[in-house]
Amino acid sequence: MKSVTVIGLGPMGQAMAGAYLAAGYEVTVWNRTAARADDLVARGARRAASVEAALSAAELVVLSLIDYDAVDAVLAQVPEAVLAGRVLVNLTSDTPDRARRQAEWLAERGAVQIAGGVQVPPPGIGTPEAVTYYSGPEHVIETHRSALEVLTGIDYLGADQGLAPLYYQIGIDMFWTALAGYLHGQAVAEANGISAEDFLPRAVRSMDLRYFLEFYAPRIAAGNHEGDVDRISMGVASVEHVLRTTEAAGVDGTLPAAVLEVFRRGEAAGHGQNSLTSLIGVLKGR
Ligand code: NDP
């Protein structure tokens, strides 16, 4: 029977262990707060009494913890010899450097890390459209492909262990900024008596940036920041209108004010008549 261990039973780890149970795996689970395993045990998972027992139960070990400090705290509980021969699929979020250092530390103890960044919330685990970024040794990922695909599809980025966390953090950077934009917009909408349901189809249209990304990316790649379609000075005037509308609604203007500040820096750097894409250079300090 195929077996896997899942360590860390937050919403994500619980969804992952559940997906393995549904796929017929023998699933061993461990969590710092043991009671979080109760539902999974009722569905057939084995509760390991210790981290050592959890690691010993399967070659493939999925780690889903809050950060790499938690990973360190968990792995410090086992004799290092137990790590040898294990494949640790580390789906814990942290920085690229942390992932590289963790992989080296594990390699010195005979274990292999696969670093991953999950691209869906827990209900997306086990659905066909879900994807996870992976980095690390390709042959190990190929060996365990069918087990990884129980969770999500695979977007393999390369051998450098930092790549999956890097792509993950960039994506999350964009996600948080965009989501904060939605929440700000809804606050202005509500202050004007517009409900979330009423605004929803308009919000979806405004948040669909695909056209802009596909228009800008080739121009950015070509170094073309011509102001033939959009100009930073237009952006400054536009965000000033947003800020005034926000203030008139009595809503906190921190977010549009931050955007205005970035756009004004672009103007101050002499890019007022260039495309908004020239802000990339301004943000990079060039
Ligand atoms: P959390 O990020 O809240 O992680 C909770 C888990 O970490 C619990 O099992 C908790 O144990 C454990 N933990 C925290 N500190 C320690 C410690 N010092 N020692 C041992 N265990 C510790 O839950 P999620 O399941 O939501 O996320 C797991 C990972 O997946 C995170 O890195 C997150 O960024 C990532 N992720 C989450 C997504 C989501 O939508 N939830 C989406 C994509 C990625 P205990 O139960 O005892 O507190």
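Rules behind the numbers
Residues numbered from 1 in each chain as written. Predicted model: local features only at pLDDT ≥ 70, side-chain atom pairs only at ≥ 80, totals over all residues. Heavy atoms only, no water. UniProt positions renumbered as here; feature names shortened; annotations may be inferred. Patch = residues over 30% accessible without salt bridge, like charges linked within 9 Å, V, L, I, M, F, W, Y side chains within 5 Å. Areas by Shrake-Rupley, 256 points an atom, 1.4 Å probe, with all protein chains shown as cover. Salt bridge = Lys/Arg side-chain N within 4 Å of Asp/Glu carboxyl O. Helix = DSSP H or I, 4+ residues; strand = E, 2+ residues; numbered from the N terminus. Buried < 20%, exposed > 50% of the residue type's maximum accessible area, 1.4 Å probe, protein only. Domains from an automatic or database assignment. Contact = heavy atoms within 4.5 Å. Core = buried A, V, L, I, M, F, W, Y, C linked by side-chain atoms within 4.5 Å. Near = heavy atom within 4 Å. Polar contact = N/O pair within 3.5 Å; in protein donor to acceptor, adjacent residues only side chain to side chain. Nonpolar A, V, L, I, M, F, W, Y, C, P; charged D, E, K, R; others polar. Pairing = 2+ DSSP bridges.

Labelled according to an unreviewed UniProt entry, the protein appears under the name NAD(P)-dependent oxidoreductase, originating from Lentzea alba. What UniProt records for the protein under Sequence similarities (unreviewed entry) is the sentence "Belongs to the HIBADH-related family."

**Q** Sorry, what's going on with a nonpolar patch on the surface here?
**A** Together, Leu166, Tyr167, Ile170 and Met174 give the surface a local cluster of nonpolar side chains, amounting to about 370 Å² of exposed area. Relative to the assigned elements, Tyr167 resides in helix H8 (residues 163-191). By relative accessible area, Tyr167 is classed as partly exposed at 39%.

**Q** Looking at this structure, how should I read the domain arrangement of the protein?
**A** It is common to report an interface's size as the accessible area lost on association of the parts. Looking at the assigned domains, one finds that the protein contains domain 1 (3-160) and domain 2 (167-283). The distance between the C-alpha centroids of domain 1 and domain 2 comes to 37 Å.

**Q** What's the story with the UniProt feature "domain: 6-phosphogluconate dehydrogenase NADP-binding" (unreviewed entry) in the protein in this structure? I'm lost.
**A** Per the UniProt record, "domain: 6-phosphogluconate dehydrogenase NADP-binding" (unreviewed entry) is found at residues 4-151. Structurally, residues 4-151 comprises 38% helix and 21% strand, and the distance from its first C-alpha atom to its last is 12 Å.

**Q** When you look at the side chain of Thr28 in this model, what are you seeing that I'm missing?
**A** Position of Thr28 among the secondary structure elements: in strand S2 (residues 26-30). Not counting residues up to four positions away in its chain, the partners in contact with Thr28 are Val4, Thr5, Val6, Arg46, Ala48, Ala54 and Ala57.

**Q** I would appreciate a short explanation of the pattern of salt bridges in the present structure.
**A** Tallied over the full model, the rule gives 15 salt bridges. For Asp160, the salt bridge goes to Arg100, with nearest N and O atoms at 2.8 Å. Here Asp160 is found in the loop between strand S8 (153-158) and H8, whereas its partner Arg100 is found in helix H5 (residues 96-107), with 60 residues between them in sequence. By relative accessible area, which is 33% here, Asp160 ends up partly exposed.

**Q** Would you explain the nonpolar core in this entry?
**A** Taken as a class, soluble globular proteins show a tendency for nonpolar side chains to be buried jointly. Counting 33 residues, the largest nonpolar core has Tyr20, Val27 and Val29 as the members making the most contacts within it. Mapped onto this core, the elements with two or more residues apiece are strand S1 (3-7), helix H1 (11-22), S2, strand S4 (60-63), strand S5 (87-90), strand S6 (112-118), helix H6 (138-143) and helix H7 (145-151). The biggest single contributor to this core is H1, with six residues. The residues contacting Val29, other than those within four sequence positions of it, are Val6, Leu9, Ala17, Ala37, Leu40, Ala45, Arg46, Arg47 and Ala48. With 19 residues, the next largest nonpolar core counts Ile7, Ala54, Leu75 and Leu106 among its residues.

**Q** Would you mind going over the site of the ligand with me for this structure?
**A** The local shell around the ligand holds 23 residues, among which Met12, Asn31, Thr33, Arg36 and Ser93 are the closest. One nitrogen or oxygen atom from the main chain of Pro11 is found 3.2 Å from an oxygen atom belonging to the ligand. The separation between an oxygen atom of the ligand and a polar side-chain atom of Asn31 is 2.6 Å. Coverage of the ligand by the protein chains reaches 76% of its 890 Å² of free accessible surface. Elements represented by at least two residues in the shell around the ligand include exactly H1 and helix H4 (68-75). With three residues, the single largest contributor to the shell around the ligand is H1. Its residues assigned to classes, the shell around the ligand comprises 13 nonpolar, eight polar and two charged.

**Q** Got a minute to help me understand the pairing of S4 in this structure?
**A** Consecutive side chains of a regular strand alternate in pointing toward one face of the sheet and then the other. Burial along S4 is two-sided: the face carrying Leu60 and Val62 and the face carrying Val61 and Leu63 are both buried. Sheet analysis places S1 next to S4, joined by three bridges and oriented parallel. The residue bridging Ile7 from the neighbouring strand is Leu63, located in S4. Relative to S5, S4 runs parallel, the two sharing four bridges.

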